[in-house]
Amino acid sequence: MRGEHARLLVVGSINADLVVRVPAHPRPGETVLGGDLAVHPGGKGANQAVAAARLGADVALAGRIGEDDHGRMLLATLRREGVRTDAMRTVPGASGVALITVDDAGENTITVAPGANGRFEPADVADLAPAIGAAAVVSLQLEIPLDTVWEVVRRCEAADTRVVLNLSPVVPRDVLTAASVLGACDPLVLNEHEARASAGGGDAREALKVLRSLDARPRSIVLTLGGGGALVADGDAEVVHVDAPKVAAVDTTGAGDAFTGALAWRLAVGDDPVAASRYAVRVGAAAVRRAGAQSSYPTADELP
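Attention in this report is confined to the structure presented alongside it. (Residues numbered from 1 in each chain as written. Predicted model: local features only at pLDDT ≥ 70, side-chain atom pairs only at ≥ 80, totals over all residues. Heavy atoms only, no water.)

1. Some details on the pattern of salt bridges
Inspection of every chain in the model, using the stated rule, returns 12 salt bridges. A salt bridge links D186 to R162; its shortest N-O distance comes to 3.3 Å. Within this pair, whereas D186 is found in strand β10 (residues 185–191), its partner R162 is found in strand β9 (residues 162–166), the two being separated by 24 residues in sequence. Overall, R162 belongs to the partly exposed group, its relative accessible area being 24%. In this structure, the salt-bridge partner of R290 is E302, at a minimum N-O distance of 3.5 Å. Of this pair, R290 sits in the segment after α9 (273–287) while E302 sits in the segment after α9, and the two are 12 residues apart along the sequence. Where salt bridges share partners, they join E151, R154 and R155 into one cluster. (Salt bridge = Lys/Arg side-chain N within 4 Å of Asp/Glu carboxyl O. Helix = DSSP H or I, 4+ residues; strand = E, 2+ residues; numbered from the N terminus. Buried < 20%, exposed > 50% of the residue type's maximum accessible area, 1.4 Å probe, protein only.)

Shown next as structure tokens:
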């Protein structure tokens with residue numbers, strides 16, 4: 001039986017994904033002809049919440065939608081997927097939109113117009129205090145205003161609620177350091193590009209070493225490697241490489257969100273970061289086998 005508040009609270013973005021498939025991504029100044037435009041529910045916050053819900057999680061999403069058709073579609077989708085929506089709010093203006101192109105190799109480029117996501121203010125976080133205090137894990141990304149994310153992290157620390165922070169879109173390390181949030185992350189989740197940008201270069205393991213050497217380092221770090229699985233650094237323990245199942249990639253859109261949503265859910269039910277990552281890589285691998293973001297997310301019995 002579900003309680004008054006969800007065990008996993010995702011605080012973040014919700015977008016309408018406008019997707020076009022192309023033979024190859026255009027170079028600057030180039031025009032390419034693609035396929036038909038498809039509209040799908042997306043946004044990193046919503047993706048993580050839906051991914052967790054598909055796996056059976058008790059999960060809520062706190063976010064903002066606009067007063068438009070996209071917003072109505074997005075809210076209906078969350079409810080249909082079983083995500084709690086009590087903390088969703090409708091605000092004036094347009095909902096967030098992501099413009100996505102996917103090439104024949106399944107790789108994507110994404111441009112986001114934040115819309116209502118950008119109107120999720122730090123002052124709004126006070127209303128989430130009961131949900132934060134009741135959650136086992138709060139999962140965050142950076143597609144809503146950074147000051148709002150930092151305020152959620154501070155409230156999580158005060159409530160002794162575990163924080164999963166997906167460093168996407170990436171921000172400079174000094175921004176994170178100035179906000180004094182890294183030390184609350186358990187784990188900080190990032191991919192190879194984000195790790196290099198945060199660490200100032202180097203390969204994945206070198207970047208991980210830099211992040212672990214910070215004075216206010218994260219409590220744990222999960223560095224995703226795409227088809228190569230993930231590296232997990234839990235406290236002072238030796239780094240563990242978690243292998244991913246080998247699958248044929250059709251579309252990588254939203255696969256990182258599927259991974260993070262699954263990871264956060266397994267942490268919420270008591271797994272350690274390594275065990276949670278072993279499960280999450282299977283979810284991420286399953287997600288790349290189908291087109292789209294949320295439409296590609298597996299149920300528990302569909303995992304490789």
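2. Quick look at the nonpolar core
Core analysis: the biggest nonpolar cluster contains 46 residues, and V59 and L61 have the highest contact counts within it. Secondary-structure elements contributing two or more residues to this core are β1 (8–11), α1 (44–54), β4 (59–66), α2 (69–81), β12 (230–234), α8 (255–268) and α9. Beyond its immediate stretch of four places on either side in the chain, L61 contacts V10, G12, I14, G45, A46, A49, L78, V83, R84, A87 and M88. (Core = buried A, V, L, I, M, F, W, Y, C linked by side-chain atoms within 4.5 Å. Contact = heavy atoms within 4.5 Å.)

3. Here's the deal with the packing of aromatic side chains
If you walk through the whole model with that rule in mind, you get 0 aromatic pairs. For the cation-ring pair, R64 lies above F120, with the distance from its terminal atom to the ring centre recorded as 4.1 Å. The lysine or arginine in question, R266, covers the ring of Y279, its NZ or CZ lying 5.3 Å from the ring centre. (Phe/Tyr/Trp six-rings, centres within 6.5 Å; stacked < 30°, edge-to-face > 60°. Lys NZ or Arg CZ within 6 Å of the ring centre and 35° of its normal.)

4. Some remarks on helix α4 (residues 146–159)
Between its first and last C-alpha atoms α4 spans 20 Å; for 14 residues at 1.5 Å apiece the expected length is 20 Å, and the two agree. The set of residues buried in α4 consists of T148, V149, W150, E151, V152, V153 and C156. D160 lies just past α4 and shows a positive phi near 60°. (Expected span 1.5 Å × (residues − 1).)

5. Focus: the sheet that holds strand β6 (residues 96–102)
Across the sheet, which stays open at both edges, the 4 strands sit in the order β3-β2-β6-β7 with mixed pairing between neighbours. Bordering the open sheet on either side are β3 (38–42) and β7 (108–113), each of which pairs with just one other strand. Ignoring which end each strand starts from, the neighbouring axes of this sheet average 25° apart. Judged from the 7 bridges that link them, strand β2 (residues 15–21) and β6 form a sheet pairing that is parallel. In the sheet register, L18 faces β6, and the bridge partner there is L99. With respect to the sheet, α2 is in contact with β2, β3 and β6, its orientation differing from that of β3 by roughly 55°. (Pairing = 2+ DSSP bridges. Axes fitted to C-alpha atoms, helices over the stretch in contact; angles between N-to-C directions.)

6. Some thoughts on helix α7 (residues 204–212)
For α7, every residue scored as buried is listed here: A204, A207, L208, L211 and R212. The buried residues of α7 occupy an angular sector of 135° when the element is viewed end-on, so they sit on one face. In this structure, the buried side of α7 is in contact with α5 (173–179), β10, α6 (192–199), β11 (220–224) and β12. For α7, the N-terminal cap is D203; the gap from its side-chain oxygen to the backbone nitrogen of R205 is 3.3 Å. (Arc of directions from axis to C-beta. Polar contact = N/O pair within 3.5 Å; in protein donor to acceptor, adjacent residues only side chain to side chain.)

7. Topic: unusual backbone geometry
Along the chain, S168 connects to P169 via a cis peptide bond; the corresponding omega equals -5°. Tracing the sequence through the fold places P169 in the loop between β9 and α5. Note that the residue after D186, namely P187, is joined by a cis bond; omega there is 15°. Within the secondary structure, P187 is located in strand β10. Even without being a glycine, S180 presents a positive backbone phi close to 55°. Take S180: it is sitting in the loop between α5 and β10.

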